[in-house]
Amino acid sequence: MSDNIKVSVRLRKPLERESAERVIAQVVSENLIKVEQRAKREETRNFEFDLCCTYSESLEEDQAQLYEQLARDYLLHALDGYNTCIFAYGQTGSGKSHTMTGSAELPGIVPRMCQELFEVREMYESSDDQASTQFKIRCSYLEIYNETVRDLLGANKCRIRERADKTTFVEGLQEFEVNSVDEILDYLRQGSERKTVGATLVNEQSSRSHTIFTINVEQKENSPLGHVLERRSSIRLIDLAGSERANASGATGERLKEGSNINKSLSTLGRVIAMLAKKKQPRLIPYRDAALTWVLKESLGGNSKTCMIACVSPCDFEETMSTLRYATLARSVKTFAQLNTQETVDGKVQMLAMRQQLDELQGALSRVGDQRLVREQMEKIKLTNQFLEARIERERRAAVDYYSQYAQASSERDNLVQVLSSIVSSLQSFDGGKIRESLVALKQRSEEIGKQLEADHLEIRGAIEACPSIDLQ
Ligand SMILES: Nc1ncnc2c1ncn2[C@@H]1O[C@H](COP(=O)(O)OP(=O)(O)OP(=O)(O)O)[C@@H](O)[C@H]1O
């Protein structure tokens, strides 16, 4: 996914030596900085950035706030598995080293990020969570001085090389595994002591080189089911040498040569940024024209989430304007950060874990299943009982009905047979043909009814006897 380079501005607090000068820049809001030309109030320019930071009474709070508002996100991206890069750009003496490294009393972004990275590591590694994470943290520190790469922690000769996939790396640069915040801060201190500094008119401790402190983080997350998720990321923290005008910095001799090399690499950086910022990019971006852009190839237009901090001095109109124009251009540059993750499966661990989980699940299932089955069966039995009770009651009532009807019908039949028999015997002496015929038919019919009643009676009796719950009394 593409992402624009995030650009923030940090306005330095006026120094004592600037107390007589007029402040020309002012942070108006979180995203807006205003610059005014000396003596020409009408020449005011507003610049918009992703974040604009000013200064307060407390230098300590300013340092902490900058880390929290801006830099912490890049640690979090790195923990997700993205390569990240923060670089400080600005004229000499504008506060780049103060922002990136700071001092023991006023630590900058690099030591704060190291501190927090180890806090996160401790938190993950001591967590009771079943998914454990192991960290491997390594660091390296280099400087680019007069167009050559120098290892600030090792003694090897370094060379910038290109891999087959067109990414670049520094051959010979030593990396050190670190296991505590003290260890990594020690490397940072050792390297900073070795970096090339010199006094200029603008800054007594002016960085004469570009420095890159890189933290490589490897995380291995082991899930209880044997999945291993590996995340790899590199965090590049860059303190660029200051852009400067030779007459303003008062440089001569060696300082002047350094200055022209610094300016050469920064102007190449500017050209690369300008080309990357174009909607239709040229096919050839001049990364190779300077050691700085060649090393930073991935961070500028490739696989990285990148942030530029444009440091500006509060009293220098020309330099501040130039820095802010440069920074505005950088805002249009897109990078293409990808998650550097890889998922593997440890078959043996997975088998064991799955078997164990299966046993647990089966146990749990049978417990849950047993209870549910018993409940369901009981419900069924209850329903069947109710149903059977209702049926028995209905049959009982029907049987009682039938039986009383039968008793009544059979007594009527007996009466009828008796009446008919007496009529038949008293009429036998008469030869009344038609009367006799009807009487015989009547008798036959009554016998048929009698037989039918007898059959019904037997059937009902049988049904009632098969149903012991019915008491006919
Ligand atoms: N935000 C700030 N608030 C107060 N003082 C600051 C701030 N930023 C920088 N300074 C002070 O300004 C001076 C110059 O700062 P710093 O050395 O960081 O500048 P730089 O941009 O790294 O310069 P160079 O490019 O020459 O190395 C230092 O004394 C530093 O303590």
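Being a predicted model, the structure only gives us computed values, none of them experimental.

Turning next to the UniProt feature "binding site: ATP" (unreviewed entry) in the chain. As recorded in UniProt, the sites labelled "binding site: ATP" (unreviewed entry) are Gly90, Gln91, Thr92, Gly93, Ser94, Gly95, Lys96 and Ser97. Mapped onto the secondary structure, Gly93 falls in the loop between strand S7 (84-90) and helix H2 (96-100). The class of Gly93 is buried, set by 27 C-beta atoms lying within 10 Å. Note that Ser94 resides in the loop between S7 and H2. According to the C-beta neighbour criterion, Ser94 is buried, with 27 such atoms within 10 Å. For Ser94, the residues in contact, after removing those within four places along its chain, are Arg12, Gly242, Cys311, Val312 and Ser313.

In this section: the site of the ligand. Around the ligand, the surrounding shell holds 21 residues, and the nearest of these are Gly95, Ser97, His98, Ser206 and Gly242. Where the shell around the ligand is concerned, the elements lending two or more residues are helix H1 (59-80), H2 and strand S14 (206-207). Considering only residue class, the shell around the ligand consists of five nonpolar, 12 polar and four charged.

We now examine the environment of Gln63. Assignment of secondary structure puts Gln63 in helix H1. Classification of Gln63 by C-beta neighbours within 10 Å gives buried; the count is 21. Put simply, Gln63 and His98 are 35 residues apart on the chain and 8.8 Å apart in space, counted from C-alpha to C-alpha. Apart from the residues lying within four places of it in its own chain, the contact partners of Gln63 are Gly102, Leu106, Pro107 and Gly108.

Below, the discussion takes up the packing of H1 against helix H3 (residues 109-125). Relative to each other, H1 and H3 sit at 45°, their axes nearing to 10 Å. Looking at the two axes, H1 sits oblique to H3. As H1 runs across H3, the sense of the crossing is right-handed. Residues Tyr67, Ala71, Arg72, Leu75 and Leu79 of H1 lie in contact with H3, whose contacting residues are Ile109, Arg112, Met113, Glu116, Leu117 and Val120. Here the contact of H1 with H3 is built from residues that sort into eight nonpolar, no polar and three charged.

Further remarks concern the pairing of strand S17 (residues 305-312). For S17, the tally of buried residues reaches eight of eight residues, placing the bulk of the element in the interior. Burial along S17 is two-sided: the residues Lys305, Cys307, Ile309 and Cys311 and Thr306, Met308, Ala310 and Val312 are all buried. The pairing of strand S2 (residues 6-11) with S17 spans six bridges and is classified as parallel. Note that in S17 the partner of Val7 across the bridge is Met308. Note that S7 and S17 share seven bridges and pair parallel. When the bridges of S17 are listed, Tyr89 appears paired with Ala310.

Let us look at H3. With 17 residues, H3 extends 24 Å between its outermost C-alpha atoms, agreeing within 8% with the 24 Å of an ideal straight helix rising 1.5 Å per residue. Among the residues of H3, those classed as buried are Ile109, Val110, Pro111, Met113, Cys114, Leu117, Phe118 and Arg121.

Close contact between H3 and helix H4 (residues 181-194) brings their axes to 9 Å; oriented N to C, the two are set at 160°. Taken together, the axes of H3 and H4 are roughly antiparallel relative to one another. For the crossing formed where H3 meets H4, the hand is right-handed. The segment H3 lies against H4, with Val110, Pro111, Cys114, Gln115 and Phe118 engaging Val181, Ile184, Leu185 and Leu188. Of the residues belonging to the contact of H3 with H4, the class tally is eight nonpolar, one polar and no charged.

Take unusual backbone geometry next. Within the chain, Glu147 stands out as a residue other than glycine whose phi angle is a positive 70°. Despite not being glycine, Lys166 has its phi angle at roughly 75°, a positive value. Relative to the assigned elements, Lys166 resides in the loop between strand S10 (159-162) and strand S11 (168-171). When the 10 C-beta atoms within 10 Å are taken as the criterion, Lys166 is described as exposed.

Quick look at the environment of Leu420 now. Checked against the element boundaries, Leu420 lands in helix H10 (residues 347-427). Given 15 C-beta atoms within a 10 Å radius, Leu420 is considered partly exposed. For the pair Leu420 and Ser446, spaced 26 residues apart in sequence, the C-alpha to C-alpha distance is 9.4 Å. Beyond its immediate chain neighbours, meaning those up to four positions away, Leu420 contacts Leu442, Lys443 and Ser446.

This part covers the nonpolar core. In this structure, Val9, Ala71, Ile86, Val295, Met308, Ala310 and Ala327 are the most contacted members of the largest nonpolar core, which totals 84 residues. Element by element, the count of residues in this core is highest for H1, at eight residues. Once residues lying within four places of it in the same chain are set aside, the contact partners of Ala327 are Val7, Val9, Phe49, Met308 and Ala310.

Conventions and cut-offs
- Residues numbered from 1 in each chain as written.
- Predicted model: local features only at pLDDT ≥ 70, side-chain atom pairs only at ≥ 80, totals over all residues.
- UniProt positions renumbered as here; feature names shortened; annotations may be inferred.
- Helix = DSSP H or I, 4+ residues; strand = E, 2+ residues; numbered from the N terminus.
- Buried ≥ 20, exposed ≤ 12 C-beta atoms within 10 Å, placed from the backbone.
- Contact = placed C-beta atoms within 7 Å.
- Near = placed C-beta within 6 Å.
- Nonpolar A, V, L, I, M, F, W, Y, C, P; charged D, E, K, R; others polar.
- Axes fitted to C-alpha atoms, helices over the stretch in contact; angles between N-to-C directions.
- Parallel < 35°, antiparallel > 145°, perpendicular 65-115°, else oblique.
- Left-handed = near helix turned anticlockwise from the far one by under 90°.
- Pairing = 2+ DSSP bridges.
- Expected span 1.5 Å × (residues − 1).
- Core = buried A, V, L, I, M, F, W, Y, C linked by C-beta atoms within 7 Å.

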